[in-house]
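Each chain, letter by letter, is given below.
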Amino acid sequence: RGMAERCMFAKASTSHNHQLSVSLSQQVVGPLRARVDTTYDLDVPREDRRLSALAKNPLGVAERSLRPLETVYGLDMTVPGSAGGARFVVWFSPSRKEGMGELRLF
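All of these numbers come straight from a predicted model, not from anything done at the bench.

Turning our attention to the pairing of strand E2 (residues 32-42). Where strand E1 (residues 19-29) meets E2, 10 bridges bridge the pair, whose relative direction is antiparallel. By the bridge assignment, Ser23 is partnered in E2 with Asp37. The antiparallel hairpin formed by E1 and E2 contains two residues in its connecting segment, where Gly30 sits at a positive phi of about 55°. Pairing of E2 with strand E3 (residues 66-78) involves 10 bridges; the strand directions are antiparallel. When the bridges of E3 are listed, Leu42 appears paired with Leu66.

Below, the discussion takes up the sheet that holds E3. Pairing between the strands of a sheet is mediated by backbone hydrogen bonds and can be parallel or antiparallel. Strands sit in the order E1-E2-E3-E4-E5 across an open sheet of five strands; the sheet is antiparallel. Looking along the sheet, the strands with just one partner apiece sit at the ends: E1 and strand E5 (98-105). Across the sheet, the mean angle from the axis of one strand to that of its neighbour is 20°, orientation sign disregarded. Summarising the sheet, strand E4 (residues 86-93) and E5 pair through eight bridges and their orientation is antiparallel. For Phe88, the partnering residue across the bridge sits in E5 and is Leu103. Set on the sheet, helix H3 (residues 58-65) makes contact with E2 and E3; between it and E3 the angle comes to about 85°.

Together, Leu75, Met77, Phe88, Val90, Leu103 and Leu105 line one region of the surface with nonpolar side chains, adding up to about 540 Å² of accessible area. Listed by contribution, the elements that provide at least two residues to the nonpolar patch are E3, E4 and E5. Of note, Met77 is situated in strand E3. For Met77, a relative accessible area of 31% corresponds to the partly exposed category.

Bringing the confidence of the model for the protein chain into the picture now. Overall, the prediction assigns the protein chain a mean pLDDT of 82, with 85% of residues at 70 or greater. Across residues 1-10, confidence stays below pLDDT 50; counting only partners more than four residues off in sequence or on other chains, it has 10 contacts.

Now for the layout of surface pockets. As a volume, the largest pocket reaches approximately 220 Å³. Together, 15 residues line the largest pocket, and Arg35, Asp37, Val89, Trp91 and Arg104 are the ones closest to its centre. Among the secondary structure elements, those contributing two or more residues to the lining of the largest pocket are E2, E3 and E4. Residue contributions to the lining of the largest pocket peak at five residues, all from E3. Across the lining of the largest pocket, the residue classes tally to seven nonpolar, one polar and seven charged.

Rules used in this analysis
Residues numbered from 1 in each chain as written. Predicted model: local features only at pLDDT ≥ 70, side-chain atom pairs only at ≥ 80, totals over all residues. Heavy atoms only, no water. Pairing = 2+ DSSP bridges. Helix = DSSP H or I, 4+ residues; strand = E, 2+ residues; numbered from the N terminus. Axes fitted to C-alpha atoms, helices over the stretch in contact; angles between N-to-C directions. Contact = heavy atoms within 4.5 Å. Patch = residues over 30% accessible without salt bridge, like charges linked within 9 Å, V, L, I, M, F, W, Y side chains within 5 Å. Areas by Shrake-Rupley, 256 points an atom, 1.4 Å probe, with all protein chains shown as cover. Salt bridge = Lys/Arg side-chain N within 4 Å of Asp/Glu carboxyl O. Buried < 20%, exposed > 50% of the residue type's maximum accessible area, 1.4 Å probe, protein only. pLDDT = per-residue confidence, 0-100. 1 Å grid on protein atoms, 1.4 Å probe; cavity = no way out; pocket = protein on both sides within 12 Å on 5 of 7 lines; lining within 4 Å. Points joined across faces, edges and corners; volume = space filled by probe spheres on them. Nonpolar A, V, L, I, M, F, W, Y, C, P; charged D, E, K, R; others polar.

Right under this line is the structure:
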């Protein structure tokens, strides 16, 4: 079996030549922050690699070129009294059907 088949996080492994990662975060209330991290496989079809195709229909090229690999949703907040040295983080990945709570120390 190949590395991607053995890897627990195969969707985010090196089996994809080009990847695009997008991270968005928004402070919700006080120290509570919401976050979404998404990774896409970027594979531009041969017919869309010309500038004329991109100029003619840029959204169509993007739609055909990007395939979502994984999205992770999370919430985090600074632990009170830690002066920013510790954060409590919870996250969930629908594609892996798993989530976790973590205490991160800096």
